[in-house]
Amino acid sequence: MKTTILTLAAALIGGAAWAGETAPGDVVYADGAVEASLTGTPGDAANGAMVVGSKKHGNCVACHQVSALADVPFQGEIGPALDGAGSRWSEAELRGLVANAKLTFEGSMMPSFYRVDGYVRPGNAYTGKAPDGPLTPLLSAQEIEDVVAFLATLKDE
Amino acid sequence: MKVRAMTAIAALLAAPLAAVAGPDGDELVVNGEINMVTQTEAPAHLDGALPELYSGWRFRSDETQALQMDDFDNPAMVFVDQAQEAWDTADGTEGKSCASCHGDAAESMAGVRAVYPKWNEAAGEVRTLEAQVNDCRENRMGAKAWKYDGGDMAAMTALISVQSRGMPVNVAIDGPVQATWEMGKEIYYTRYGQLELSCANCHEDNYGNMIRADHLSQGQINGFPTYRLKNAKLNTAHARFKGCVRDTRAETFSPGSPEFVALELYVASRGNGLSVEGPSVRN
């Protein structure tokens, strides 16, 4: 009995977290910026750093240099270095840039990390095959918040 | 002196992030006798999209470059030898080999790679080298078509390419192929997949830059088929196209598809003036 209640409670909490998220199609942009948190849960900068540096997650360093992540090898030089991003941009602007940079910089090469439609021949991840269901965003809502929290720590010295 | 040395060391330590930029200045001479053009003026039809053309060879490390400078070191040459055997061996219901009609490949195939893909009047279509090989196999030899991007095919195109090494790529883009060329151009600039990346995003706007550990080239295909150290085999241009499109998180096109034939024609034309290098060596 106790176990059942605990499981139920866990399920409710899980469900509530999901319900509290803003879906990709419901994000409100103003001049490219997103004022409201996508989850209501403060971002975890340490996890954000992991997402930025990890090939399996955001892989932001494929294109951007981040001096704060000096231990991550092979940082790319496609986009601007992210050093000082937290001084250049507000939290809302950073959230908008990570979620869909094309609404700040029209035609930007940067992928939209929190968008699920409007693509040409989208595939099933990196299989080269057609998707077998609705697309999921490149990063989850909480991962976006975590990345934003990390970027906000990158202040000019 | 000590301070200067220290400064130099500091500079070296700081350098790795931005050390590599653009093509290097090396010159490619194969077997000490075939002078390859790895840098040349961009053809007029590019309308200034590239200031200059560079072979992908110029973006590779000295170690990788060296493998292509001597046929004894070039791992692709094993496959050229295999294809020479296939060239001379009868296959199919007609009892014919390639040599039955085309004789010595060194003579009959000289210059062929440089002008493909090209219009085939009788078929009324743009033909890639691979499509032409399979047409011969099926309709002249009565043999089974090879897999478009399989090992037999890649080896045969290597044998054919090697007869044109050092000759300038010179595919036609007008007349009957123009519509296909335009289609290829549109594909080149289309941002495919969930990452929304076009060929141009990386290979026109960012060649010379690092994307993670990869040094982006202009994506020229004058070196195909290419022996890649990464997968230790000969790779066709269409297999490479497929890999690139897949990496944009897109549903790819198939090797030999009309889309990739059009893209090959267009991309080949972006390299008009570079030397045929196939089979080249890349990482």
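A few points on the structure. Model, not experiment: these values are computed from the prediction.

1. Quick look at the overall build of chain A
Scanning chain A for helices and strands turns up five helices and zero strands. Contacts in chain A between residues far apart in sequence, at least 24 positions, make up 55% of those at least 6 positions apart. Accessible area of chain A: about 8600 Å², with a carbon and sulfur share of 61%.

2. Observations regarding unusual backbone geometry
Cis geometry marks the peptide bond from F224(B) to P225(B), where omega comes out at 0 degrees. With respect to the element layout, P225(B) can be found in the loop between β8 (214–215) and β9 (226–228). With omega at 0 degrees, the peptide bond leading from G278(B) into P279(B) counts as cis. Relative to the elements of secondary structure, P279(B) occurs in the loop between α12 (258–269) and β11 (280–282). Here A125(A), not a glycine, exhibits a phi torsion of approximately 50 degrees, which is positive. Locating A125(A) in the fold gives a position in the loop between α4 (91–100) and α5 (141–152).

3. A few points about the interface of chain B and chain A
Counting residues at the interface gives 28 residues for chain B, matched by 39 residues for chain A. Here chain B and chain A share an interface that buries about 2800 Å² over both sides, 52% of which is from carbon and sulfur atoms. When the buried area of chain B at its contact with chain A is split by residue, Q194(B), R212(B) and R249(B) rank highest and sum to 31% of it. Linking chain B with chain A are two salt bridges. With a closest N to O distance of 2.6 Å, E196(B) and K102(A) form a salt bridge. Along the contact surface separating chain B from chain A lie 17 residue pairs in polar contact (both at pLDDT 80 or more). If you list the elements that add at least two residues to the side of chain B that touches chain A, you get α10 (199–203) and β7 (210–211) of chain B. Its residues placed into classes, the side of chain B that touches chain A shows 13 nonpolar, eight polar and seven charged.

4. Things to note about helix α11 (residues 237–246) of chain B
Inspection of α11(B) places A237(B), H238(B), F241(B), G243(B) and V245(B) among the buried residues, and these make up the whole buried set. Structurally, α11(B) contributes buried residues whose contacts are with β10 (233–235) and α12 of chain B.

5. Examining the nonpolar core
Counting residues in each nonpolar core, the largest one holds 34 residues, and the members touching the most others are V52(A), V66(A), L69(A), I144(A), F150(A) and L151(A). If you list the elements that add at least two residues to this core, you get α2 (45–53), α4 and α5 of chain A. Here this core takes six residues from α5(A), the largest share from any one element. The contact partners of V66(A), leaving out residues within four places of it in the chain, are V52(A), V61(A), Q75(A), L82(A), D83(A), F150(A) and L154(A). Counting 31 residues, the second-largest nonpolar core is a separate cluster that includes F59(B), I187(B), F224(B) and A250(B).

6. Some words on the packing of α4(A) against α5(A)
Residue and element names in this part refer to chain A. Orientation of α4 relative to α5, taken along the N-to-C sense of each, is 130 degrees, at an axis distance of 9 Å. It follows from the interaxial angle that α4 and α5 lie oblique. Along this stretch, α4 crosses α5, giving a crossing that reads as right-handed. From α4, E91, L94, R95, V98 and A99 reach across to α5, where they touch I144, E145, V147, V148, L151 and A152. Tallied by class, the residues present in the contact of α4 with α5 amount to eight nonpolar, no polar and three charged.

The rules behind each value
- Residues numbered from 1 in each chain as written.
- Chains lettered and ligands numbered in written order.
- Predicted model: local features only at pLDDT ≥ 70, side-chain atom pairs only at ≥ 80, totals over all residues.
- Heavy atoms only, no water.
- Helix = DSSP H or I, 4+ residues; strand = E, 2+ residues; numbered from the N terminus.
- Contact = heavy atoms within 4.5 Å.
- Areas by Shrake-Rupley, 256 points an atom, 1.4 Å probe, with all protein chains shown as cover.
- Buried area = accessible area lost by both parts, 1.4 Å probe.
- Salt bridge = Lys/Arg side-chain N within 4 Å of Asp/Glu carboxyl O.
- Polar contact = N/O pair within 3.5 Å; in protein donor to acceptor, adjacent residues only side chain to side chain.
- Nonpolar A, V, L, I, M, F, W, Y, C, P; charged D, E, K, R; others polar.
- Buried < 20%, exposed > 50% of the residue type's maximum accessible area, 1.4 Å probe, protein only.
- Core = buried A, V, L, I, M, F, W, Y, C linked by side-chain atoms within 4.5 Å.
- Axes fitted to C-alpha atoms, helices over the stretch in contact; angles between N-to-C directions.
- Parallel < 35°, antiparallel > 145°, perpendicular 65-115°, else oblique.
- Left-handed = near helix turned anticlockwise from the far one by under 90°.

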